[in-house]
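Spelled out from the first residue to the last, the chains are:
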Amino acid sequence: MATAHPTAHVHTATYPLHVILAAYPIACFTGAFLTDLAYARTYEMQWANFSVWLITAGLIMGGLAALAGIADYLVNRRRPERRVGWPHTVGNLLVLLLSLWNVFVHSRDAYTSVVPTGIILSGIVAVLVLITSWIGTSITYRQHVGAVA
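Predicted model only: the values in this text are computed from it and were never measured. (Residues numbered from 1 in each chain as written. Predicted model: local features only at pLDDT ≥ 70, side-chain atom pairs only at ≥ 80, totals over all residues. Heavy atoms only, no water.)

Considering the overall build of the protein
No. 1: Helices and strands together make up the secondary structure of the protein, namely four helices and zero strands.
No. 2: Its helices and strands taken in sequence order, the protein reads α-α-α-α from the N to the C terminus.
No. 3: Residues classed as buried in the protein amount to 38% of the 149 residues present.
No. 4: Across the protein, contacts joining residues at least 24 apart in sequence account for 76% of those joining residues at least 6 apart.
No. 5: A total of about 9400 Å² of accessible surface is found on the protein, and carbon and sulfur atoms cover 71% of it. (Helix = DSSP H or I, 4+ residues; strand = E, 2+ residues; numbered from the N terminus. Buried < 20%, exposed > 50% of the residue type's maximum accessible area, 1.4 Å probe, protein only. Contact = heavy atoms within 4.5 Å. Areas by Shrake-Rupley, 256 points an atom, 1.4 Å probe, with all protein chains shown as cover.)

Listed below in structure tokens is the structure:
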């Protein structure tokens, strides 16, 4: 029976809460763009309904992720690496503001809820949320900002 060497360690990192919560708006906002595309192709109203639900859920979870991110920032405010997070912060604020506008656009009736403004906003938000999540992930993993190892 093989045993592990007494000094062997498995390195695990704990993730900040905002990183875990951020997965939801990423999925919701990109999903809303996909359901907008499905609506534009089929004109089946249920796709537009899915979009507004996904945007709403993304806003709620994005707000929770933002609160957790602010708390994480305040805990780590003395770290010199904190300045690198500003593009991530500004990008995510833009994502939430555009999504708030988008949820109001999607509350219109039928065709005008998606085409053309809703689908354009959903596409912009999907691209922005992927970019800001990439920036945030690279900050967390490369510089260990917000991560406790």
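Thoughts on a nonpolar patch on the surface
No. 1: Together, Ile60, Leu64, Leu67, Ile70, Tyr73, Leu74, Trp86 and Val90 give the surface a local cluster of nonpolar side chains, amounting to about 790 Å² of exposed area.
No. 2: Of all the elements in the fold, those that place two or more residues in the nonpolar patch are α2 (45-75) and α3 (86-105).
No. 3: It is α2 that contributes the most residues to the nonpolar patch, six residues altogether.
No. 4: Looking at the secondary structure, you find Leu64 in helix α2. (Patch = residues over 30% accessible without salt bridge, like charges linked within 9 Å, V, L, I, M, F, W, Y side chains within 5 Å. Salt bridge = Lys/Arg side-chain N within 4 Å of Asp/Glu carboxyl O.)

Some thoughts on helix α1 (residues 17-42)
No. 1: With 26 residues, α1 extends 38 Å from end C-alpha to end C-alpha; this agrees with the ideal 38 Å at 1.5 Å per step.
No. 2: Those residues of α1 not exposed but buried are His18, Leu21, Pro25, Cys28, Phe29, Gly31, Ala32, Thr35, Asp36, Ala38 and Tyr39.
No. 3: Directly after α1, the chain includes Tyr43, whose backbone phi takes a positive value near 60 degrees. (Expected span 1.5 Å × (residues − 1).)

Don't take any of this as a statement about function, it's just geometry.
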